[in-house]
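Single-letter residue listing:
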Amino acid sequence: MAEVIRLEGVRKGYGGGEAPWVEVLHGVDLVLHEGEFVSLAGPSGSGKSTLLNIMGLLEPPNDGALTIAGERAEALDDDARTRLRNRYLGFVFQFHHLLPAFSALENVLMPVFAGTGRLPAGAREHALALLERVGLAEHAGKRPVQLSGGQQQRVAIVRALANRPRLVLADEPTGNLDTQTAAEVFALMHDINREQGVTFLVVTHDERLAQDCPRRVNLVDGRIAPSPALVG
Ligand code: ADP
Ligand code: MG
C-alpha cells in the first residue's frame, strides 16, 4: 500500500525567550498507508494534538522529516504548505468549529472555497452528496445551532471530506459527545474509510473505540509506545 504520510525523528518543543524550552515530541517515527484507519491514544498532555498539528502542516517540527504523498513537507514556505494541506488533508476537531452564521452546506463548502478562492464545478453537488451520505440531506440549509451535537460533528466530518483528501486527521472528534452518539460518529468514519479509501487518524480517549480500530498507535510522553496486548 502506498504511503500517505511518513514522519521520521520528528521533534517538537515549546518555549524560548523568557519561557524554558520544553520538548514535547522526542523523535516520533510513524508511517500511515493508504486506506488505513488508525486510532491514536495516550494520556492527556502526551503530545497527541501537537503530533496532529505537525502532520496537518499547522505547525512545523523543530527537527526530523515529514513526507506527505511523496513530498517533503517539513520546510515548505507558507504557500506551498497551504497548497499541500488543501490538496491532501482534512481535519475534524473536538469542538467542531462550524461557523454559526452559515448553513451546514456552506460550512462544508468553506474549505473548498478557501483552497481555491472559488467553487469548482461539481463542488456543491459533491458536498450535497456527502451530506446525504451521512443522513443530513434535509438539514443542508440549517445553521449549526439548529442541529444536535452529533449532527454538527457529522457536518464537520463531511467538511473534512469536501476537498477529497487522502488523509483525515481527527483530534478527539467524539470527545464532546455522549457514548451512543460517539459510537455512531466513529462507525460513520469507519464506513467512509471503507467506502472511499480515505486514510483516517483518529485521536480518542475511549478505550473501546480505540481497540475497535484495525490499527492502534499509542503516544506516551512524546514517544510512540508499543501497543498493549489485546485482552480477550
Ligand atoms: P495531548 O493532545 O496529548 O493532550 P498536547 O499535544 O496538547 O497533548 O500537549 C502536549 C504538551 O505540550 C503539554 O504539556 C502542553 O502543555 C504543551 N503544549 C502544547 N501546545 C503548546 C503551546 N502552543 N505552547 C506551549 N506548550 C504547549
Ligand atoms: Mg489534545
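Before reading further, recall that the structure is shown in the block above.
Presented here is a report on the structure given in the accompanying data block. No experiment lies behind these values; they were computed from the predicted model shown.

**Some details on the pairing of strand 9 (residues 215-220)**
In step 1: With four bridges connecting them, strand 3 (residues 37-41) and strand 9 associate as parallel partners. Within strand 9, the position partnered with Val38 by the bridge is Arg215.
In step 2: When strand 9 meets strand 10 (residues 223-225), the two strands line up antiparallel, connected through three bridges. Of the residues in strand 10, the one forming a bridge with Leu219 is Ile224.

**Considering the packing of helix 3 (residues 104-116) against helix 4 (residues 123-133)**
In step 1: Where helix 3 meets helix 4, the axes come as close as 10 Å, and the angle between the chain directions of the two elements is 125°. By the angle between their axes, helix 3 is oblique relative to helix 4. Crossing handedness for the pair helix 3 and helix 4: right-handed. Side by side, helix 3 and helix 4 meet where Ala104, Leu105, Val108, Leu109 and Val112 of the first sit next to Ala123, Arg124, Ala127, Leu128, Leu130 and Leu131 of the second.
In step 2: Looking at side-chain class alone, the contact of helix 3 with helix 4 contains 10 nonpolar, no polar and one charged residues.

**Here we look at the nonpolar core**
In step 1: Counting 59 residues, the largest nonpolar core has Val108, Leu167 and Leu169 as its most contacted members.
In step 2: Leaving out residues up to four positions away in the same chain, Leu169 has contacts with Leu52, Met55, Gly56, Leu89, Phe91 and Leu201.

**Some words on the packing of helix 3 against helix 5 (residues 149-161)**
In step 1: At a minimum axis separation of 7 Å, helix 3 and helix 5 run at an interaxial angle of 35°. Our pair here, helix 3 against helix 5, has a crossing hand that is right-handed. Counted together, Ala104, Asn107, Val108, Met110 and Pro111 of helix 3 and Val155, Val158 and Arg159 of helix 5 form the full contact between these two elements.

**A short note on the environment of Ser148**
In step 1: Mapped onto the secondary structure, Ser148 falls in the loop between helix 4 and helix 5.
In step 2: You can call Ser148 exposed: it has 11 C-beta atoms within 10 Å.

**Here we look at the sheet that holds strand 9**
In step 1: Here we have six strands laid out as an open sheet, ordered 6-7-8-3-9-10, and mixed in their pairing. Edge positions in the sheet fall to strand 6 (89-93) and strand 10, since each has one partner strand and no second. Along the sheet, successive strands turn relative to each other by an average axial angle of 25°, direction set aside.

**Topic: unusual backbone geometry**
In step 1: Even without being a glycine, Ala69 presents a positive backbone phi close to 50°.
In step 2: Take Ala69: it is sitting in the loop between strand 4 (63-68) and strand 5 (71-72).
In step 3: Here Glu172, not a glycine, exhibits a phi torsion of approximately 50°, which is positive.
In step 4: By secondary structure assignment, the location of Glu172 is in the loop between strand 7 (167-171) and helix 6 (179-196).

**Considering the sheet that holds strand 5**
In step 1: Ordered in space as 2-1-4-5, the four strands form an open sheet in which the pairing is antiparallel. This sheet does not close on itself; its edge strands, each paired only once, are strand 2 (19-33) and strand 5.
In step 2: Pairing geometry for strand 1 (residues 3-16) and strand 2, over 10 bridges, is antiparallel. Across the sheet, residue Tyr14 finds its bridge partner in strand 2, namely Val22.
In step 3: Contacts from helix 1 (residues 48-55) reach strand 1, strand 2 and strand 4 within the one sheet, and its direction differs from that of strand 1 by about 120°.

**Some points on helix 5**
In step 1: With 13 residues, helix 5 should cover 18 Å at 1.5 Å per step; its first-to-last C-alpha distance of 19 Å lies within 8% of that length.
In step 2: Burial of helix 5 is extensive: 11 of the 13 residues sit out of reach of the surface.
In step 3: What helix 5 keeps buried is the set Gln151, Gln152, Gln153, Arg154, Val155, Ala156, Ile157, Val158, Arg159, Ala160 and Leu161.
In step 4: Taken together, the buried residues of helix 5 touch strand 6, helix 3, helix 4, strand 7 and helix 6.

Quick notes on the rules
- Residues numbered from 1 in each chain as written.
- Chains lettered and ligands numbered in written order.
- Predicted model: local features only at pLDDT ≥ 70, side-chain atom pairs only at ≥ 80, totals over all residues.
- Pairing = 2+ DSSP bridges.
- Helix = DSSP H or I, 4+ residues; strand = E, 2+ residues; numbered from the N terminus.
- Axes fitted to C-alpha atoms, helices over the stretch in contact; angles between N-to-C directions.
- Parallel < 35°, antiparallel > 145°, perpendicular 65-115°, else oblique.
- Left-handed = near helix turned anticlockwise from the far one by under 90°.
- Contact = placed C-beta atoms within 7 Å.
- Nonpolar A, V, L, I, M, F, W, Y, C, P; charged D, E, K, R; others polar.
- Core = buried A, V, L, I, M, F, W, Y, C linked by C-beta atoms within 7 Å.
- Buried ≥ 20, exposed ≤ 12 C-beta atoms within 10 Å, placed from the backbone.
- Expected span 1.5 Å × (residues − 1).

Any functional reading would require information that these geometric values do not contain.
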